[in-house]
Every structure is written in C-alpha cells, then in structure tokens.
Amino acid sequence: MRISVLALDGVFDLGLSAVLDALQTANELIEVSGLAVPRFDVTIVGMRKTVKTSQGLSVPVRAAGARAPECVVVPAIGFKMPGPLEAALARADVTDAACVGTFVMAESGLLDHHRATTTWWLAPLFRKRYPDVRLDESNMIVKCGRFVTAGAALSHMDLALWLVRRTSPQLASLAARYLIVDSRPSQSAYALTDHLVHSDPIVQRFEAWARAGLSRGFSLDDAARAVGSSKRTLARRLESVLGKSPLSYFQSLRVERAVHLLKTSSASVDEVAARVGYADGATLRALLRRRLDLGVRQIRRTP
C-alpha cells in the first residue's frame, strides 16, 4: 500500500511519530514473521519545502502530489485549544491541503453528510463550525465512505493499526502486541464531560441538576424547570454543545459516575447501580458494555 503522510507546519509530534512507528513496525514484522503481506510504502509529504513540528523539530518532506498514493494520512496539527486551532485553520498551507485531515477536511466540505469523529474536547467547536457533518466523538475511529477519521492524541496509533488491519488482521494484532497497544474503541471513557458544558450556561445548569440527582431518575419537565428554559430550548442547546439529547447526556453522567465508583470503591456492581439510578447490576453492566465496550472487570483494572 502506497501511503503519503502529510506533515503540516506545527504537526503534532506524537501523532506523526505514532503513525510512522506503527507502519515501520508492521514492515519489520513482515520480514521476521514470514507473513505473505506486501510492505507499506510510506512517504512523508508536505505543502511547503520545510516543515517544523509543534516542538520545533525539522521534518524532511517531499512535495505533495509528487506521486499518487492509495491512502493519505494526516496527523493532527499541534493546536489543542479552540482559539489557536481556528487561527491555524486559516493558514495558507492548511488551505492548500483542504482535502485531508478531520478539521481541515471538514473545512473543505468533503465531510458534509458523512459520519466523523474528532478530539472529544473540540466537539462543540466542530459542531458549531461544521453543522453538516454527522459528528460521533464517542468513537476512536469512524469510517464513512472513503474517509476514516480518528479521535485524540493516541488515536493516531489506532488509525495506523486500522490501516494495517485492512491488509492483514494477523499483522495488525502482532504489531499491537509488539507496541503494547490495548484496544480503545471509545473516547467516552476518557472524556471529561464537565469540560464541555461550560461553553453554554443552560447546559451548565442542566449538568449541575443532573449530577445532583442521578439516583432519582430523569424527567425532562423537571430538568427544564430547573434550568429555567423550555424543553425544546434545553434539547436544542444540548444537541448543539454535546450532540446528545438531555436523556442521553443524563445517561452519560450515570456512566461517568459508575466508572468512577467502580475504580475508586469496593462497592458491588448492584450497589453502584443503585447509586446511579438503576434497578440492578445487570442493567448497569449492559449500559457500560454498550457505551464503553468494556466490562466491569476491565474498568476496575484500568488506572
């Protein structure tokens, strides 16, 4: 597979290295394992003659478009907060590369009406900026049509292994073992939900009301009264900021609290279920499996 890795100025060092190291490891394992798998032909390309990473390191690049790749991988640029990111998206080199990258690709319109994921804490900005993209930031990797998008930081590794898996599931499994990479299908287990709600006062008040009453159950009427808005306004604001209905967000908070209790206490699953408003442990187990793709034992083992 011919792969071009596009390094834009200010590229996120960890992301670029993760992609390159995963593909190089796969090539090395092809040699030593005797798998009948073609090597990955990887080239780093750039929109300018010189590229520096966000840490100031120089990246040797070839001119983009010098050859026809089968796949283009775009590591994140190293701007983690909304303000600097929006400024970077207006740069000339990013505009020139406007057919690739999650934010950059969305900027071009190519992701319109497609499912995509992005870094969980940038989801409100993404939804505001690209309302026609069907964002699903709960997932680490989302494939829709000919586009594959990835979530935060170490999802670069997940993306590289996804590419390897397309060629050989056995090789991808072997590379993950050598690199000691666990499966991370969801970002939900890592998201700090309260980081997102502060951008909207109604959402912030709803979050405070919900956290105070996880064990009592959900009522949209009660929620709207508590935050001082209509039910329609409350639903619209949560969809805009978090991409969730009030009930779905309430359930997300239950999951967050349950995970915290499972990791930090010796309470049984039934006891934890009762504290977050579920009738029994079986219901909670099913919710955790559906939302996080993790079982209770896995959650308790995770730091």
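What counts as what
Residues numbered from 1 in each chain as written. Predicted model: local features only at pLDDT ≥ 70, side-chain atom pairs only at ≥ 80, totals over all residues. Heavy atoms only, no water. Helix = DSSP H or I, 4+ residues; strand = E, 2+ residues; numbered from the N terminus. Rg over C-alpha atoms; globule rule 2.2 N^0.38 Å. Buried < 20%, exposed > 50% of the residue type's maximum accessible area, 1.4 Å probe, protein only. Contact = heavy atoms within 4.5 Å. Lys, Arg positive; Asp, Glu negative; His and termini not counted. Charge placed at Lys NZ, Arg CZ, Asp CG, Glu CD. Core = buried A, V, L, I, M, F, W, Y, C linked by side-chain atoms within 4.5 Å. Pairing = 2+ DSSP bridges. Axes fitted to C-alpha atoms, helices over the stretch in contact; angles between N-to-C directions. Salt bridge = Lys/Arg side-chain N within 4 Å of Asp/Glu carboxyl O. Right-handed = clockwise from strand over helix to strand, strands pointing away. Parallel < 35°, antiparallel > 145°, perpendicular 65-115°, else oblique. Nonpolar A, V, L, I, M, F, W, Y, C, P; charged D, E, K, R; others polar.

A. Seen up close, the overall build of the chain. When you go through the chain residue by residue, the secondary structure sums to 15 helices and ten strands. Taking 303 residues into account, the globule formula puts the C-alpha radius of gyration at 19 Å, and the chain, at 21 Å, falls close to it. A principal-axis box enclosing the C-alpha atoms of the chain has dimensions of 60 × 45 × 35 Å. Here the chain, with 303 residues, has 47% of them falling under the buried criterion. Restricting to contacts in the chain with at least 6 residues of sequence separation, those with at least 24 account for 62%. A gap of 3 Å separates the mean positions of the 40 positive and 28 negative side-chain charges of the chain.

B. Structural view of the nonpolar core. Among the nonpolar cores identified, the biggest contains 34 residues, and Ile-3, Phe-40, Val-59, Val-73, Val-164 and Leu-171 are the most heavily contacted of them. Of all the secondary structure elements, the ones that give two or more residues to this core are strand S1 (2-6), helix H1 (13-33), strand S6 (71-73), helix H6 (155-167) and helix H7 (169-179). Ranked by the residues each element gives to this core, the list is headed by H1, at eight residues. When near neighbours in sequence (up to four residues on either side) are disregarded, Val-164 contacts Leu-23, Ala-26, Phe-40, Leu-171 and Ala-172. One finds Leu-85, Ala-88, Met-105 and Ala-123 within the second-largest nonpolar core, a separate group that totals 23 residues.

C. How the structure looks around the sheet that holds strand S5 (residues 62-63). Read across the open sheet, the four strands follow the order S5-S2-S1-S6; overall the sheet is parallel. Among the strands making up the open sheet, the edge pair consists of S5 and S6. Of the strand pairs in this sheet, S1 and S6 are connected by three bridges, and their pairing is parallel. What sits directly across from Ile-3, in S6, is Cys-71. Strands S1, strand S2 (41-46) and S6 of the sheet are contacted by H1, whose axis makes an angle of about 160° with S1.

D. Representation of the pattern of salt bridges in the model. The final tally for this structure, using the stated rule, is eleven salt bridges. With its nearest N and O atoms 2.9 Å apart, the salt bridge here joins Glu-107 to Arg-129. Linking Glu-107 in helix H4 (residues 102-108) with Arg-129 in helix H5 (residues 123-129), this pair joins segments that are 22 residues apart in sequence. Judged by its relative accessible area of 38%, Glu-107 falls in the partly exposed class. Asp-222 is the partner of Arg-225 in a salt bridge, and the nearest nitrogen-oxygen pair spans 2.4 Å. You can see Arg-225 and its partner Asp-222 sitting in helix H10 (residues 220-227), three residues apart, about one turn around the helix. A relative accessible area of 61% places Arg-225 in the exposed class.

E. Broad picture of the pairing of S2. Of the strand pairs in this sheet, S1 and S2 are connected by five bridges, and their pairing is parallel. Its bridge partner lying in S2, Leu-6 is registered against Val-45. In terms of handedness, the path from S1 via H1 over to S2 forms a crossover that is right-handed. By the bridge criterion, two bridges tie S2 to S5 in an arrangement that is parallel. Paired with Val-45 across the strands is Arg-62, a residue of S5.

F. Structural context of the packing of helix H12 (residues 246-264) against helix H14 (residues 281-292). Packing of H12 against H14 leaves a shortest axis separation of 11 Å and a crossing angle of 105°. One finds that H12 runs roughly perpendicular with respect to H14. Residue-level contacts link Ser-248, Gln-251, Ser-252, Val-255, Ala-258, Val-259 and Leu-262 of H12 to Leu-284, Leu-287, Leu-288, Arg-291 and Leu-292 of H14. A class-by-class count of the residues in the contact of H12 with H14 yields eight nonpolar, three polar and one charged.

Just geometry here; none of it tells us what the structure is for.
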